[in-house]
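Fold and geometry: a report
Now for the letters of each chain:
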Amino acid sequence: MMMEPILKIRNISKTYSGVRVLNEVDFDLLPGEVHALVGENGAGKSTMIKIVAGVETPDEGGEIYFAGQLIPNMTPHRSLKLGISVIYQDVSLFDNLSVAENICKGVVNDRFTNWKKIRQTAQEALDTMQVSLDLSQKLSSLSVGKKQLVAIARAITFQAKVIVMDEPTAALSKSEVEMLYKIIMGLKEKGVSIIYISHKLEEIFQLADRIT
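Residues numbered from 1 in each chain as written. Predicted model: local features only at pLDDT ≥ 70, side-chain atom pairs only at ≥ 80, totals over all residues. Heavy atoms only, no water.

**A closer look at the packing of aromatic side chains**
- Within this structure, the stated rule accounts for zero aromatic pairs.
- The ring of Tyr-65 carries Lys-8 above its face, with NZ or CZ at 5.0 Å from the centroid. (Phe/Tyr/Trp six-rings, centres within 6.5 Å; stacked < 30°, edge-to-face > 60°. Lys NZ or Arg CZ within 6 Å of the ring centre and 35° of its normal.)

As structure tokens, then:
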């Protein structure tokens, strides 16, 4: 018997200036699976992800379910609270802050900055990924690959149940790609579901349980 999807999209459409970008799309994501989302540029992949993240509003008639519950008005705050984390290609982090601060931004909320708690929380996330980074290092000094690791660690601190990775290997070195693969497999073993967007067929066939 097939398990209940953690994320379920039904009949989602999106129109911009009279142009239908998404047309009655259905999509399921199961707990603990890597589901590859593929298609040529302009196919609507990013638009669908923005709707899931609450950044874009779908046309009337579509439905989004999370853990079996209908989510009528998805917003960025609600999406994050549910446990959906999107790691975009441009890695939306803060270059002027440290690794630890980026990982814990919006997670450790104290009236006064609790640096011990921030460092502890950030280190726990990196330990979960089996990754070593200097917590005090400014993000601006890191490679794109290491910035992505920080973004994944941030998703872990938010206890993300679904992580969306949009072309995550586009600017990574071979060693960084191999590290990313290990992290993805580790997250999968912990029951985290991943939507993996890529044009690279070799990594899709290596990582994905299903392909849409």
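**Some words on the nonpolar core**
- Among the nonpolar cores identified, the biggest contains 38 residues, and Ile-103, Ile-152, Ile-163, Met-165, Leu-187 and Ile-194 are the most heavily contacted of them.
- Per-element accounting of this core gives the leading share, seven residues, to helix H5 (residues 144–157).
- Ignoring anything within four residues of it in the chain, the contact list for Ile-103 reads Ala-122, Ala-125, Leu-126, Val-150, Ala-153, Arg-154 and Thr-157.
- Listed in part, the 23 residues of the second largest apolar core include Ile-9, Ile-49, Phe-66 and Ile-197. (Core = buried A, V, L, I, M, F, W, Y, C linked by side-chain atoms within 4.5 Å. Buried < 20%, exposed > 50% of the residue type's maximum accessible area, 1.4 Å probe, protein only. Helix = DSSP H or I, 4+ residues; strand = E, 2+ residues; numbered from the N terminus. Contact = heavy atoms within 4.5 Å.)

**Details of the pairing of strand S3 (residues 34–37)**
- Side chains of S3 alternate between two faces, with Val-34 and Ala-36 and His-35 and Leu-37 buried alike.
- As paired strands, S3 and strand S8 (residues 193–197) are joined by four bridges and run parallel to one another. When the sheet's bridge partners are listed, His-35 is paired in S8 with Ile-195.
- By the bridge criterion, two bridges tie S3 to strand S9 (residues 210–211) in an arrangement that is parallel. Within S9, the position partnered with Ala-36 by the bridge is Ile-211. (Pairing = 2+ DSSP bridges.)

**Let's talk about a nonpolar patch on the surface**
- Together, Val-38, Leu-201, Phe-205 and Ile-211 line one region of the surface with nonpolar side chains, adding up to about 390 Å² of accessible area.
- Within the secondary structure layout, Leu-201 lies in helix H7 (residues 201–207).
- Relative accessible area serves as the criterion here: at 51%, Leu-201 is assigned to the exposed category. (Patch = residues over 30% accessible without salt bridge, like charges linked within 9 Å, V, L, I, M, F, W, Y side chains within 5 Å. Areas by Shrake-Rupley, 256 points an atom, 1.4 Å probe, with all protein chains shown as cover. Salt bridge = Lys/Arg side-chain N within 4 Å of Asp/Glu carboxyl O.)

**A look at the pattern of salt bridges**
- As enumerated under the stated definition, the model contains five salt bridges in all.
- Between Arg-210 and Glu-33 there is a salt bridge, and its shortest N-O distance comes to 2.8 Å. Of this pair, Arg-210 sits in strand S9 while Glu-33 sits in the loop between strand S2 (19–29) and S3; the two residues are 177 residues apart in sequence, bridging distant segments of the chain.
- With its nearest N and O atoms 3.2 Å apart, the salt bridge here joins Lys-147 to Asp-95.

**Looking at the side chain of Ser-98**
- You can see Ser-98 is positioned in the loop between strand S6 (84–87) and helix H3 (99–104).
- Ser-98 has contacts with Leu-135, Ser-136, Gln-137 and Lys-138, leaving out every residue within four places of it along the chain.

**Quick word on the sheet that holds strand S7 (residues 162–166)**
- The parallel open sheet is built from five strands, whose spatial order is S6-S7-S8-S3-S9. At either end of the open sheet lies a strand with only one pairing partner, and these are S6 and S9.

**Structural notes on the sheet that holds strand S1 (residues 7–16)**
- Sheet architecture is open: four strands sit in the order S2-S1-S4-S5, paired in antiparallel fashion. The open sheet has two edge strands with one neighbour each: S2 and strand S5 (69–70).
- Most of the contacts of helix H1 (residues 45–52) go to S1, to which it runs at about 115 degrees, and overall it touches S1, S2 and strand S4 (63–66). (Axes fitted to C-alpha atoms, helices over the stretch in contact; angles between N-to-C directions.)

**Quick notes on H1**
- The buried count for H1 comes to six of eight residues, which makes it a mostly enclosed element.
- Within H1, the full set of buried residues consists of Lys-45, Thr-47, Met-48, Ile-49, Ile-51 and Val-52.
- Of the residues flanking the end of H1, it is Gly-54, one or two places downstream, whose phi is positive at about 80 degrees.

It is worth stressing that arrangement in space is one thing and function is another; only the former is reported here.
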